[in-house]
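Structural characterization, general
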Amino acid sequence: MNWTRRLHTRQTTFRQLEIFMAVADHASVTLAAKALHLAQPTVSTQIAKLAESLECQLFELVSKKMCLTDTGQEVLDAARKLFAVMDNLEARLAKRAGLSLGHLRISVVTTAKYLIPHWLGEFCEQYPNIEPEFQIGNRAEIIQRLKQNLDDLYVFSNPPRELEIEAEFLTHNPLVVIAKQDHVLKDKHNIKWHELYYERLLMRENGSGTRFAIEAFFKNKNVKMQNPITIASNEAIKESVMAGLGIAIVSRHALNHMAPGNLIELAVEDFPIPNSWYWVLPKGKNSSSAAKAFQAHVNQGLSEQVNLGAP
């Protein structure tokens, strides 16, 4: 056995690996330093020390872009496995301690940001020593996190069935037509879609779960949908509808969190579009105790809301 090489490897610290993973994820020393709340020279120094202790080049500059070398990718894969083992150990110890400590990493698609924070706040009050990490992104971004197994739980409105996953129903997420409060059809019932055909339709980007559900709905109804105007976020869609730029189809949960009194739901025939949110995990992933407890907390809370007749 090469004892010298083994000694060099043992000089590597968990903190160095944590910094290395952050730099790899952000493809930038500057962004990694900001995410870790460290000075940029500190991050650069730790990466240099890690490369020296492992006797390899971890990154290279390709067309002014920071990229992992093949060796760097191997180190990244090994580091993630190492931290997964440590997280699993931490979860087992936390289970013995009755969830008195541990991490809870959750990534959700944009629309679910109106649902999860409330339950996460309650859960953290109940288990104050559980350290939460909450990520929000579009569908493509959360799929990337899922592929890299970066989190304990994921929430999707349109689970990526092309991946090996396990999806469990979370709750309904009906999609409704919204308009400016003084829209000419605001008091009409059973509005036909053709009455709205010449309205500008504001929608999320291609690939979003909401857009996927909307396009599938129109295809199933064999109704032609006018060319939509793509807008990157629900907040921007809200502001655009309020400004009279057009109408939109959004989650009813999102409408409830938008601008009460400034936006209304139109009573359009065949709406709302049935849609749902799902808990998603990579197939075969062992959920941490904190993740299981949080799922149970949310599921119980939503069940009680339904029993009380809450929206």
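What counts, and at which threshold
Per chain, the residues get numbers from 1 upward, laid out in the order the sequence is written. The predicted nature of this model means local features are confined to residues of pLDDT at least 70 and side-chain atom pairs, given and counted, to a pLDDT of 80 or more, with totals for whole chains, interfaces and linings taken over all residues. The side-chain figures draw on all heavy atoms in the structure; neither hydrogens nor water molecules are used. Segments assigned H or I by DSSP are reported as helices when at least four residues long, segments assigned E as strands when at least two residues long, and all are numbered from the N terminus. Every residue pair with non-hydrogen atoms within 4.5 Å of one another is taken to be in contact. Residue exposure ignores everything except the shown protein chains as possible cover, and the areas themselves are Shrake-Rupley values with a 1.4 Å probe. Between Lys or Arg on one side and Asp or Glu on the other, a salt bridge is scored when a side-chain nitrogen of the former is within 4 Å of a carboxyl oxygen of the latter. When accessible area is computed with a 1.4 Å probe and restricted to protein chains, residues below 20% of their type maximum are described as buried, those above 50% as exposed, and intermediate ones as partly exposed. Pairing of aromatic rings covers Phe, Tyr and Trp, the last through its six-membered ring, and needs centres within 6.5 Å; plane angles under 30 degrees mean stacked, over 60 mean edge-to-face, and all others mean tilted. Remark: a charge is flagged as sitting over a ring if the NZ atom of Lys or the CZ atom of Arg is within 6 Å of the ring centre and within 35 degrees of the ring normal. In this description, strands pair whenever DSSP reports at least two bridges between them. Candidate patch residues must exceed 30% relative accessible area and have no salt bridge, after which like charges are joined if within 9 Å and Val, Leu, Ile, Met, Phe, Trp or Tyr side chains if within 5 Å.

Focus on the overall build of the chain
Secondary structure summary: the chain contains 11 helices and 12 strands in total. Once local pairs closer than 6 in sequence are excluded, the contacts in the chain between residues at least 24 apart make up 74%. Here the chain displays about 17,200 Å² of accessible surface, and carbon together with sulfur accounts for 51% of that area.

So, the pattern of salt bridges
Per the counting criterion, the structure on display carries 13 salt bridges. Salt-bridge contacts for aspartate 87 lead to arginine 105; the nearest nitrogen and oxygen are separated by 3.0 Å. One end of the pair, aspartate 87, is in helix H5 (residues 70-96); the other, arginine 105, is in strand E3 (residues 102-109), and 18 residues separate them in sequence. A residue is classified by how much of its surface remains accessible, and aspartate 87, at 26% relative accessible area, is partly exposed. For arginine 105, a relative accessible area of 15% corresponds to the buried category. Here arginine 211 and glutamate 215 are joined by a salt bridge, their closest N and O atoms 3.0 Å apart. In this pair, arginine 211 and glutamate 215 are both assigned in helix H8 (residues 209-221), four residues apart and thus about one turn of the helix distant. The class of arginine 211 is buried, set by a relative accessible area of 7%. Connected via shared salt-bridge partners are Asp87, Arg105 and Glu133.

Remarks on the packing of aromatic side chains
According to the stated counting rule, one finds 11 aromatic pairs in the structure shown. Here the aromatic residues Phe123, Tyr127, Trp279 and Phe294 are joined through ring pairs into a cluster of three or more. Of note, arginine 161 hangs over the ring of tyrosine 278, and the distance from its end group to the ring centre comes to 5.9 Å.

Details of the pairing of strand E2 (residues 65-68)
By the bridge criterion, four bridges tie strand E1 (residues 59-62) to E2 in an arrangement that is antiparallel. Residue pairing across strands places glutamate 60 opposite cysteine 67, the latter belonging to E2. Taken together, E1 and the strand that follows it, E2, pair antiparallel across an intervening segment of two residues, in which serine 63 is found at a positive phi of about 50°.

Observations regarding a nonpolar patch on the surface
Judged by side-chain polarity, Phe14, Leu82, Val85, Met86, Leu89 and Leu93 come together as a nonpolar surface patch covering roughly 500 Å² of accessible area. If one sorts the elements of the nonpolar patch by residue count, H5 sits on top with five residues. Position of leucine 89 relative to the elements: it lies in helix H5.

So yeah, pure geometry; function would need other evidence.
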